[in-house]
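Residue strings, one per chain:
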Amino acid sequence: MSKTFDLFVIGGGINGCGIARDASGRGLSVFLAEKADFASATSSASTKLIHGGLRYLEYFEFRLVRKALKEREVLLNMAPHIIWPLRFILPHHKGLRPAWLLRLGLFIYDHLGGRKLLPATKTVPLDCAPFNDGLKSLFRRGFEYSDCWVNDSRLVVLNARDAAARGAKVRRNTEVLRATRTENGWVVEICDRESGKTGLIHAKVLVNASGPWVSSVLKGAVGLNSQANVRLVKGSHIIVPKMFGHDRSFIFQNTDDRIVFAIPYEDDFTLIGTTDVDYQGDPSGVVCSDDEVAYLCSAVSEYFSAEVTPDMVVRTYSGVRPLYDDGASEARAATRDYVLEMDEGEGKPPLLSVFGGKITTYRRLAEHALEKLAEYLPQAARANSWTKDSVLPGGDFEPGDFGAVVASLKSAYPFLEHEHAYRLVRSYGSDAMKIPGYAKNTSELGAHFGGDLYGCEVNWLIEQEWAVSAEDILWRRSRLGLHLPGEAEGVLEQYIASYFEANRMAG
């Protein structure tokens, strides 16, 4: 490509895709390179929450909490299909933080961020239904407050889709080998990891949003020594069979002053996490350790009436958070706020590196990144910020109208089971109307891979969302891998290979 792009973005996680989307919407030309799949690392390994971070109040992170709380309802309105309100139960544990302190913290949490849609905190009895479901009888009082759930990896791919729809060149399996400064901008050497072909991309500005690889990209591909440091902190989660029947989530205090969430997950499971462990080594090799499994099981067993044991765990996942190293003595105390570091100078093309951040604040991070780059990109300075009142693909309905969208899908395709229609809308929002195509019955939905996964949905994910493997589809574009039989992955892999071969033969 001989064209010079305004921005070259390294990294297809939530921050990279968010920056690419914002910039494209301002009319800037953008090239984004992700070395693997979108959200293949930290951005798909979160606790799946859009939240202010209640526990950060103890570290006096009021600015971060306020910023995150203000974003909850912005993001809820942007993507009501993959983000929805969630109520949390915080049991009062007599041996830990006093009730007055919990109530004070929740009062601040309620009023710090301009809450409008989400219901306020209230005191709830834990010795009666539904709150006592799953809890030990010794917990008699708790507090119920609001945050939001998010399908994290889908949030990333929807940002990538919207960036592409607005003109960005978005590439997965594309590794940055070297980025060289010249008088006229950056020359970035990229490699397509599937074909092995290399190429050069020219850009005015380079954005390093490579998550836990931010420092290694600076030192390796870019050849710079940054003054900022990233602190790698591993967070692990376990998934166990459903531990309670209601739709609330729990936030449990622990004797080490940490908290652990227990969240309803994929209908049949409970998601438990997270840990905070300093991490050394390649982030791509991160796994949940036996010690972390034991820690999480022990933490929730303090509260649940039924003990949670390691042999109950059906799946684990881990991610490495690229936190800005603020010198905190413990991983759990390290700031979750982001830092945008500029490397610039008289006549030098700028480099912006992203350290830290949370999924909840990704949109504001992108705005701030464009503000810092405005001097070099006059078009960004002239264009107004626009994402606050935008919607992501499929999110063009009010949060309270979700049921109506499901009903519309059922009306258009009456042969769909309610649970199938509900899942499609939860994943794709209004785009779910496009997936069955001209199907008049279930047999016309295409190949069946188990559960309610059919060929028409797989084709959509390949054609619209860059899926190229069964792992992409079963564990990032969806979590259907938890529900399908073990052999489904192999069958799906064969189908995908056949799909690409047929398209190659067709020209």
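Please refer to the structure higher up on the page.
We now turn to the structure provided with this report. (Residues numbered from 1 in each chain as written. Predicted model: local features only at pLDDT ≥ 70, side-chain atom pairs only at ≥ 80, totals over all residues. Heavy atoms only, no water.)

Some points on the packing of helix 1 (residues 14-25) against helix 7 (residues 362-373)
And step 1. Packing of helix 1 against helix 7 leaves a shortest axis separation of 8 Å and a crossing angle of 55 degrees. On the basis of the axis angle, helix 1 is oblique to helix 7. Between helix 1 and helix 7 lies a crossing whose hand is right-handed. Residue-level inspection shows Ile-14, Asn-15, Gly-18, Ile-19, Asp-22 and Ala-23 of helix 1 in contact with helix 7, the latter providing Tyr-362, Leu-365, Ala-366, Glu-367, Ala-369 and Leu-370. (Axes fitted to C-alpha atoms, helices over the stretch in contact; angles between N-to-C directions. Helix = DSSP H or I, 4+ residues; strand = E, 2+ residues; numbered from the N terminus. Parallel < 35°, antiparallel > 145°, perpendicular 65-115°, else oblique. Left-handed = near helix turned anticlockwise from the far one by under 90°. Contact = heavy atoms within 4.5 Å.)

A word on unusual backbone geometry
Trans peptide bonds make up most of the peptide bonds, and negative phi angles are found at most residues other than glycine.
And step 1. Cis peptide bonds are those with omega within 30 degrees of zero, and the linkage from Ala-129 to Pro-130 qualifies with -5 degrees.
And step 2. Relative to the helices and strands, Pro-130 resides in the loop between strand 5 (122-125) and strand 6 (141-150).
And step 3. The linkage connecting Gly-273 with the following residue, Thr-274, adopts the cis geometry, with an omega of 15 degrees.
And step 4. Locating Thr-274 in the fold gives a position in the loop between strand 14 (269-273) and strand 15 (277-278).
And step 5. The phi angle at Asn-173 is positive, at roughly 50 degrees, despite the residue not being glycine.
And step 6. For Asn-173, a relative accessible area of 12% corresponds to the buried category. (Buried < 20%, exposed > 50% of the residue type's maximum accessible area, 1.4 Å probe, protein only.)

Side note on the side chain of Asn-159
And step 1. Structurally, Asn-159 is set in helix 4 (residues 152-165).
And step 2. Residue classification places Asn-159 among the buried positions, given a relative accessible area of 0%.
And step 3. In this structure the side chain of Asn-159 is engaged in a polar contact, spanning 2.8 Å, whose partner is the backbone oxygen of Leu-155. (Polar contact = N/O pair within 3.5 Å; in protein donor to acceptor, adjacent residues only side chain to side chain.)

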